Amino acid sequence: MTLHELLEKPVWQMTGEELLFLAQQGSMQREGDTRDKTPAKEERHFVYGLSGLALLFRCSLPTANRIKQSDKIDRAITQVAREIIIDADLAVELAGRKTEGHR
């Protein structure tokens, strides 16, 4: 019996051997799929608006506004008109860095 014929056969009519064969074929295909794909870049995490920035840094809205207005996390912020998009991971990384001239 071919794989195609087994896939069309109802499960309740399969023998244990046929069911085990299908399970092994499925796991082999899943392993092959993950090997064929190139590793994807890590997913980026974004927050939106001043409220998202306040939640990210666990601070008040006025403090989030001060953080946004400072030049410290500018590379993490994209703003088009009134829409603010912040790369959360980059913002946390930039905020944690010490700037030259400060102790």
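Above this text is the structure in question.
Everything numeric here is computed off the predicted structure, so don't read it as measured data.

Description of the overall build of the protein
And then number 1: What the protein contains, in helices and strands, is five helices and three strands.
And then number 2: From first element to last, N terminus to C terminus, the protein shows the α and β order α-α-β-α-α-β-β-α.
And then number 3: Buried positions account for 19% of the 103 residues belonging to the protein.
And then number 4: Counting contacts in the protein only where the partners sit at least 6 residues apart, residues at least 24 apart contribute 34% of the total.
And then number 5: Carbon and sulfur atoms make up 54% of the accessible area of the protein, which amounts to about 8700 Å² in all.

Side note on the environment of glutamate 93
And then number 1: Structurally, glutamate 93 is set in helix H5 (residues 88-96).
And then number 2: On a C-alpha basis, the gap between glutamate 93 and isoleucine 73 in space is 8.7 Å, while along the polypeptide they are 20 residues apart.

Remarks on the sheet that holds strand E1 (residues 46-48)
And then number 1: With antiparallel pairing, the three strands of this open sheet are ordered in space as E1-E3-E2. Unpaired on one side and paired on the other, E1 and strand E2 (77-80) mark the two borders of the sheet. The mean angle between the axes of side-by-side strands here comes to 20 degrees, regardless of whether they run parallel or antiparallel.
And then number 2: Bridge count for E1 against strand E3 (residues 83-87) is three bridges, and the pairing is antiparallel. Across the sheet, residue valine 47 finds its bridge partner in E3, namely isoleucine 86.
And then number 3: Across the sheet, H5 lies against E1 and E3, angled at about 70 degrees from E3, the strand it touches most.

Quick word on unusual backbone geometry
And then number 1: Its identity is not glycine, yet arginine 58 carries a phi of approximately 50 degrees, on the positive side.
And then number 2: Mapped onto the elements, arginine 58 comes out in the loop between helix H3 (49-57) and helix H4 (61-69).
And then number 3: Even without being a glycine, alanine 81 presents a positive backbone phi close to 55 degrees.

A short note on the pairing of E3
And then number 1: Of the strand pairs in this sheet, E2 and E3 are connected by four bridges, and their pairing is antiparallel. Across the sheet, residue threonine 78 finds its bridge partner in E3, namely isoleucine 85.
And then number 2: Between E2 and E3, which pair antiparallel one after the other, the connecting turn spans two residues, and alanine 81 there sits at a positive phi close to 55 degrees.

Digging into the side chain of aspartate 87
And then number 1: Relative to the assigned elements, aspartate 87 resides in strand E3.
And then number 2: Take aspartate 87: its relative accessible area is 9%, and that puts it in the buried class.
And then number 3: Side-chain polar atoms of aspartate 87 contact the side chain of arginine 44, separated by 2.9 Å.
And then number 4: Sequence-distant contacts of aspartate 87, that is, excluding residues within four places in its chain, are made with Arg44, His45, Phe46 and Ala76.

Definitions and limits used
Residues numbered from 1 in each chain as written. Predicted model: local features only at pLDDT ≥ 70, side-chain atom pairs only at ≥ 80, totals over all residues. Heavy atoms only, no water. Helix = DSSP H or I, 4+ residues; strand = E, 2+ residues; numbered from the N terminus. Buried < 20%, exposed > 50% of the residue type's maximum accessible area, 1.4 Å probe, protein only. Contact = heavy atoms within 4.5 Å. Areas by Shrake-Rupley, 256 points an atom, 1.4 Å probe, with all protein chains shown as cover. Pairing = 2+ DSSP bridges. Axes fitted to C-alpha atoms, helices over the stretch in contact; angles between N-to-C directions. Polar contact = N/O pair within 3.5 Å; in protein donor to acceptor, adjacent residues only side chain to side chain.

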